[in-house]
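This is what each chain is made of:
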Amino acid sequence: MQYLTGDQPIPARLVNPLPSADRSQEIMRAAFRDPAPRPQGGTRNSQAKLTERKVHAIRGAADVGANLAALAVAFGISERACRHIADRTSWAHLPEGA
């Protein structure tokens, strides 16, 4: 056991059991070992401008031929985002026709 000055032991959390080279490699490996948190999709995202009902409304209107630019302005999103919703490449987790 390692000791500070006197007879008090060094707390275990402060003792480095690995040599410095092994410790640096372990730190680098830790970044790849723990998976990154998955982004929150749909309404679980705190920055979401749309709800599931609005997405279904956009898809329904786009399916009957509505102008995507007009839909984008009406819902306060970009035309590109509206196109991705209509093509079902974004908000893909929603069931069809719910």
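First, a word on what this report is: a plain description of the structure on this page. Keep in mind it's a predicted model, so treat the numbers as computed, not measured.

1. Some remarks on helix α4 (residues 79–86)
Given 3.6 residues to a turn, an α-helix orients residues that are three or four positions apart in the same direction.
Logical step 1: Those residues of α4 that sit buried are Cys82, Ile85 and Ala86. The arc that holds the buried residues of α4, viewed along the axis, is 95 degrees, so those residues lie on one side.
Logical step 2: Buried residues along α4 sit against α2 (52–63) and α3 (68–75).
Logical step 3: Just downstream of α4, Arg88 is the residue with a positive phi angle, here 65 degrees.

2. Thoughts on the packing of α3 against α4
Logical step 1: Contact geometry for α3 and α4: axes closest at 8 Å, N-to-C directions at 110 degrees. It follows that α3 is roughly perpendicular to α4 by the angle criterion. Contacts between α3 and α4 involve Leu68, Ala69, Leu71 and Ala72 on the former and, on the latter, Glu79, Cys82, Arg83 and Ala86.

3. Let's talk about the pattern of salt bridges
Logical step 1: Per the counting criterion, the structure on display carries two salt bridges.
Logical step 2: Of the charged contacts in the structure, one is a salt bridge between Arg88 and Asp63, with a shortest N-O distance of 3.0 Å. Taken together, the residues span a long stretch of sequence, with Arg88 in the segment after α4 and Asp63 in helix α2 at a distance of 25 residues.
Logical step 3: Residue classification places Arg88 among the partly exposed positions, given a relative accessible area of 25%.
Logical step 4: The closest approach of N and O atoms between Glu96 and Arg88, which form a salt bridge, is 2.8 Å.
Logical step 5: In this structure, a network of salt bridges that share partners links the residues Asp63, Arg88 and Glu96.

4. Here's the deal with the nonpolar core
Logical step 1: Among the nonpolar cores identified, the biggest contains 13 residues, and Leu50, Ile58, Ile77 and Ile85 are the most heavily contacted of them.
Logical step 2: Sorting the residues of this core by element identifies α2, α3 and α4 as the ones contributing at least two each.
Logical step 3: If one sorts the elements of this core by residue count, α2 sits on top with four residues.

5. Things to note about α3
Logical step 1: Capping of α3 at its N-terminal end is provided by Asn67; its side-chain oxygen lies 2.9 Å from the backbone amide nitrogen of Ala69.
Logical step 2: Once α3 finishes, Gly76 follows within two positions and takes phi at roughly 70 degrees, a positive value.

Cut-off values and rules
Residues numbered from 1 in each chain as written. Predicted model: local features only at pLDDT ≥ 70, side-chain atom pairs only at ≥ 80, totals over all residues. Heavy atoms only, no water. Buried < 20%, exposed > 50% of the residue type's maximum accessible area, 1.4 Å probe, protein only. Helix = DSSP H or I, 4+ residues; strand = E, 2+ residues; numbered from the N terminus. Arc of directions from axis to C-beta. Contact = heavy atoms within 4.5 Å. Axes fitted to C-alpha atoms, helices over the stretch in contact; angles between N-to-C directions. Parallel < 35°, antiparallel > 145°, perpendicular 65-115°, else oblique. Salt bridge = Lys/Arg side-chain N within 4 Å of Asp/Glu carboxyl O. Core = buried A, V, L, I, M, F, W, Y, C linked by side-chain atoms within 4.5 Å. Polar contact = N/O pair within 3.5 Å; in protein donor to acceptor, adjacent residues only side chain to side chain.

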